[in-house]
Amino acid sequence: MMFYKKLSPFYNLIVFYVAVSFILRIILLFHPITDTTFVWTDALKIFTLGIVSDICVFILATGFLWLYLIFISNGKYLKPYGYIIFGLFVALFFYIASGKSILNEYGGALPKIGLAFVGIKTILFGLLLFLPKHRDKIRNWLFSFVMFLFVVLILQNAISEYFFWNEFGVKYNFIAVNYLVYTNEVIGNIMESYPVVPLFSGLFIIAGLVTYFILKASRTYINSIPTFVEKIKISGLYFVLFILSLLAIPYLASKENSQNIFSNELQSNGVYKFYLAFMNSELDYFKFYKTLPEKEVYALLAQQIPGLSGESTLREIKSTAAENHKNVVLITIESYSADFMKAYGNDQSITPFLDSLATQSLLFTNFYASGNRTVRGLEAVTLCFPPTAGESVVKREDNKDKFSTGSVFKEKGYNIKYLYGGDAFFDNMADFFSGNGYDIVDKKSFQTNEITFDNIWGVCDEDMYSKAIKVMNKEAQENKPFFNHIMTVSNHRPFTYPNNKIDIPGDVKSREGGVKYTDFAMKKFFKIAKKQPWFANTVFVILADHCASSAGKTELPVDKYRIPAMIYSPGFIQPQRYTNLMSQIDIMPTVFGLLNFSYQSKFFGQDVMQSDYKPRALIATYQDLGMIKDNILTIISPKQKVKQFKMNLLPKAGVEDDFQIYYDQKPLKKERTDLVNETIAFYQTASDILKKKKYQKNKT
């Protein structure tokens, strides 16, 4: 009986969670958006398997509660252990405060969060250590706060699930994950859309009342702290339930197999659905976006991409000239907005080398990134594929053996590599590139003497370029052309780089410094590369992966997608400006065109130098999918929403017309249905092709 009471914090909370989930299911069952009828077997599964699933999910979620409770003891405050532990907390606090911890390497708010957390832990431990007479009272308050926090989270999740259902008619999906990414915008929307103050006031009042009753039934645990043996028993029982829950949850999810979609959604657990959405990174286009009949949508796509027929993007690219198998080096620069460059109006002189190189290159002045994450840029230049709803293909499970830039080069006899100064495990890069035939050179490939400076993201750009030179010198001896894709890292928070390289110290951690050092390192790379025997036979493609920031006044602020892009190859590519609108997915098909490649293409991207190219740019977030064409931005969004904006240029003094990038986006008064349908054509067909696995590499 006493052991049963020791479990009271767990079972009282789980009873409350199951009760809240049960009530929520009833409310959602009778919600107006749940426009369907249920057979008795559906209802049975909703309220039996659903509740079992809730219990299992809660057992996993209470891992933090178990950790907190299992470490409650008086023994750790005895001399000398208490003083040693307190000393370690103080040392950790000052270590983080010194600015030399790994948290400071990353930068942003992380050091402050870490400092606050360790500081609070240090203060609380100190109070319990140095005020033994008040220890029970302090512990009671802490226990009460922890229980209150769990009650608030349970209620908050139920409210969030209700409003999400009210909006989309489903439990959590990738849109909910997306809300965590765009926190500022989402909080702003909530503040404007719902009575936040009354809602949260009611939430805290109810949470306080519920916590009071749970505490009355659960205080036994801290009034009579379990012995070491009892804690072993509690832990053993918890581990058994934890393992059983891990096995049961996916099994229960597999039973969400009714023909009634609402039944499956109501049976599911929202927290687990959120986890699946986070891991799978996909958002079903056909469920949430406006669609057109399949034949019609592919016919529309064929009007935008010449040479298509049927329900695919497969077409023959024929060159009348002999193929030129020059080496190709693709450099994607981290977070490099167009407005960093002098040509686009920047007066800080932070890109002197790139400014100079642009005048010697085929420069694309009206060029747009596909998204605002590195994986979107990598997806665009590797797959030449539109940014579909959800996460980039790079991070999805089905990301291998795709028709890619690398597969075309490989068909032509090239060695292909992906070079990255960090750990390619990050953002699933290693899985994606190795799964598509690339050899990978990342930080793990570096010898100790090849690293002069590194931070949390990897080695500095100078070290990466030095390694690239070595790799290319070795490749040049193999009598095979090479394609090397280099991804830079230095222009990323925390913006640290070697000191005494530029006039902005590396430990200042400024974005301008990161940009200028990136430019400096690239200048050094080309200075060395020009001395190599392979340089004269190499085409360099230089562009950003995405802009430095993405926030704006509209869902897709177009100036936050404008990036620099150029192709440099002295004696082969004549310096000129290409001013037509184009997308990041077009850069590599354009390179193939310049090399006179003949190949079977599945790319959505096109050779923009061809006379039949129709200028447009595709830009997106995780859920807002846009197309720029005819100075109109069309956006399609979940719930079959469509918005259109007229893009009016806001000229900046002293900037040439080709480089103007700022636009005032005003809602279009009369819908351009033709542009809406063309936008749908790009994104619906891309989603369909991925879903049907029709974007695999050509069989040889």
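In this text the structure is predicted, and so the values were computed from the model without any measurement.

Caption draft 1: Focus on the overall build of the protein. Summing up its helical and strand segments, the protein has 26 helices and 19 strands in all. Here the C-alpha atoms of the protein give a radius of gyration of 29 Å, agreeing with the 27 Å that 2.2 N^0.38 yields for 700 residues. Its C-alpha atoms put the protein at 85 × 65 × 50 Å along the principal axes. Looking at the protein as a whole, 53% of its 700 residues qualify as buried. Long-range pairs, those at least 24 residues apart, make up 73% of the contacts in the protein with a sequence separation of at least 6. Surface accessibility of the protein: about 31700 Å² in total, with carbon and sulfur atoms responsible for 61%. Distance between charge centres in the protein, computed from 75 positive and 61 negative side chains, equals 7 Å.

Caption draft 2: How the structure looks around a nonpolar patch on the surface. A cluster of nonpolar side chains, contributed by Phe22, Ile23, Ile26, Ile27 and Phe30, occupies part of the molecular surface with about 480 Å² of accessible area. Note on placement: Phe30 falls in the loop between α2 (8–29) and α3 (40–47). On the basis of relative accessible area, Phe30 is assigned to the exposed category, the value being 66%.

Caption draft 3: Local environment of the packing of α3 against helix α4 (residues 49–61). At a minimum axis distance of 3 Å, the contact between α3 and α4 shows a crossing angle of 15°. Compared by their axis directions, α3 and α4 come out roughly parallel. Residue-level contacts link Leu44, Lys45, Ile46 and Phe47 of α3 to Leu49, Gly50 and Ile51 of α4.

Caption draft 4: Structural detail: the pattern of salt bridges. Per the stated rule, a full pass over the model turns up 31 salt bridges. Between Lys412 and Glu323 there is a salt bridge, with the nearest N and O atoms lying 2.8 Å from each other. Of this pair, Lys412 sits in the loop between α21 (405–411) and β5 (415–420) while Glu323 sits in the loop between β1 (315–317) and β2 (327–333), and the two are 89 residues apart along the sequence. Taking the relative accessible area as the measure of exposure, Glu323 reaches 31% and is therefore partly exposed. For the salt bridge of Lys692 with Asp688, the shortest nitrogen-to-oxygen distance reads 3.2 Å. Residues joined in a network through salt bridges with shared partners are Arg373, Glu391, Lys395 and Asp427.

Caption draft 5: Expanded view of the pairing of strand β17 (residues 632–637). Within β17, six of the six residues are buried, leaving the element largely enclosed by the surrounding structure. Side-chain alternation along β17 places Ile632, Thr634 and Ile636 on one buried face and Leu633, Ile635 and Ser637 on a second face that is also buried. Between strand β16 (residues 625–629) and β17, which pair antiparallel and follow one another directly, the connecting turn spans two residues, one of which, Asp630, has a positive phi of 55°. Note: β17 against strand β18 (residues 641–649), six bridges, orientation antiparallel. Bridge pairing links Ile635 to Lys643 in β18. Between β17 and β18, which pair antiparallel one after the other, the connecting turn spans three residues, and Lys639 there sits at a positive phi close to 70°.

Caption draft 6: Quick look at the side chain of Arg616. Here Arg616 lies in the loop between β14 (599–601) and β15 (617–620). For Arg616, the residues in contact, after removing those within four places along its chain, are Leu581, Met582, Ser583, Ile585, Asp586, Phe604, Gly605, Gln606, Met627, Ile628, Lys629 and Phe682.

Caption draft 7: The arrangement of helix α24 (residues 511–529) in detail. Between the first and last C-alpha of α24 there are 27 Å, a value that for 19 residues agrees with the 27 Å anticipated at 1.5 Å per step. Burial in α24 covers these residues: Gly513, Gly514, Val515, Lys516, Tyr517, Thr518, Asp519, Ala521, Met522, Phe525, Phe526 and Ala529. Buried-residue contacts for α24 involve β2, α19 (352–358), α23 (461–476), β10 (538–544) and β11 (565–568).

Caption draft 8: How the structure looks around unusual backbone geometry. Following Lys79, the chain continues to Pro80 via a peptide bond in cis, the omega torsion being 0°. Turning to its location among the elements, Pro80 is positioned in the loop between α5 (63–70) and α6 (81–97). The omega torsion across Arg493 and Pro494 is 20°, close enough to zero to call that bond cis. Backbone geometry at Lys509 places phi at a positive 60°, although glycine is not the residue there. For Lys509, the location among the structural elements is in the loop between β9 (482–487) and α24. When its relative accessible area of 35% is taken as the criterion, Lys509 is described as partly exposed.

Caption draft 9: Molecular detail of the environment of Ile206. Mapped onto the elements of the fold, Ile206 is located in helix α12 (residues 196–218). Among the residues examined, Ile206 registers a relative accessible area of 46% and is labelled partly exposed.

Caption draft 10: Looking closely at the sheet that holds strand β6 (residues 439–441). The sheet built from eight strands is open, its strands ordered β6-β5-β9-β2-β10-β11-β3-β12 with mixed pairing. Edge positions in the sheet fall to β6 and β12 (576–578), since each has one partner strand and no second. Taking each pair of neighbouring strands and ignoring which way they run, the sheet shows an average axis angle of 15°. Strands in contact with helix α20 (residues 374–383) are β2, β5, β9 and β10; relative to β9, the strand with the most contacts, it is inclined by about 165°. Each of β2, β10 and β11 is contacted by α24, which is oriented at about 165° to β2, the strand it contacts most.

Caption draft 11: Inspection of the environment of Val471 at higher detail. Structurally, Val471 is set in helix α23. Separated by 86 residues in the primary sequence, Val471 and Phe385 place their C-alpha atoms 29 Å from one another. If we skip the residues at most four places from it in the chain, Val471 touches Lys417, Leu419 and Val441.

Caption draft 12: Representation of the nonpolar core in the model. In this structure, Ile331, Phe364, Phe526 and Phe604 are the most contacted members of the largest nonpolar core, which totals 137 residues. Counting residues in each nonpolar core, the second largest holds 44 residues, with Phe10, Val20, Cys56 and Val57 among its members.

Caption draft 13: Structural detail: the sheet that holds β15. In space, the five strands of this open sheet follow the order β15-β16-β17-β18-β19, with antiparallel pairing throughout. Only two strands of the sheet have a single partner each, and these edge strands are β15 and β19 (663–667). Here the average twist between neighbouring strands, direction ignored, is 25°. Across the sheet, helix α26 (residues 673–691) touches β15, β16, β17 and β18, and the angle it forms with β16 is around 125°.

Caption draft 14: Expanded view of the pairing of β2. Most of β2 is tucked away: seven of the seven residues are buried. Across the two faces of β2 the burial is the same, with Asn327, Val329, Ile331 and Ile333 and Val328, Leu330 and Thr332 all buried. Summarising the sheet, β2 and β10 pair through seven bridges and their orientation is parallel. Bridging across to β10, Val328 finds its partner in Val539. Bridge analysis of β2 against β9 gives five bridges, and the strand direction is parallel. Looking at the pairing, Ile331 lines up with Ile486 of β9.

So, how was this worked out
- Per chain, residue numbering runs from 1 following the sequence as it is written.
- Since the coordinates come from a predicted model, pLDDT governs what is reported: local features require at least 70, and pairs of side-chain atoms require 80 or more to be given and counted, while whole-chain, interface and lining totals use all residues.
- Working from all heavy atoms in the structure, the side-chain values ignore hydrogens and water.
- The helix and strand labels rest on DSSP assignments: H or I over at least four residues marks a helix, E over at least two residues marks a strand, and numbering proceeds from the N terminus.
- Atoms counted for the radius of gyration: C-alpha only. Globule rule: 2.2 Å times the number of residues to the power 0.38.
- Relative accessibility decides the category of a residue: with a 1.4 Å probe and only protein chains considered, values under 20% of the type maximum give buried, values over 50% give exposed, and everything between is partly exposed.
- The contact criterion used is simple: two residues touch if any of their non-hydrogen atoms lie within 4.5 Å.
- Here, Shrake-Rupley sampling with a 1.4 Å probe gives the accessible areas, and only protein chains in the shown set may cover a residue.
- In summary, the charge assignment counts Lys and Arg as positive and Asp and Glu as negative, without counting His or the chain termini.
- Where a charge lies is defined by one atom per residue type, namely NZ (Lys), CZ (Arg), CG (Asp) and CD (Glu).
- Patch membership needs two things, relative accessible area over 30% and no salt bridge, and members are linked within 9 Å if like-charged or within 5 Å if nonpolar (Val, Leu, Ile, Met, Phe, Trp, Tyr).
- In the sections that follow, a salt bridge refers to a side-chain nitrogen of Lys or Arg positioned within 4 Å of a carboxyl oxygen of Asp or Glu.
- Fitting a line to C-alpha atoms yields each axis, with helices limited to the stretch in contact; the angle taken between N-to-C directions then spans 0 to 180 degrees.
- Oblique is the label for any angle not under 35 degrees, not over 145, and not in the 65 to 115 range, which are roughly parallel, roughly antiparallel and roughly perpendicular in turn.
- The rule for pairing is simple: two strands pair if DSSP sees at least two bridges between them.
- Helix span, expected: 1.5 Å multiplied by one less than the number of residues in the helix.
- Side-chain atoms within 4.5 Å link the members of a nonpolar core, which is a set of buried Ala, Val, Leu, Ile, Met, Phe, Trp, Tyr and Cys residues.

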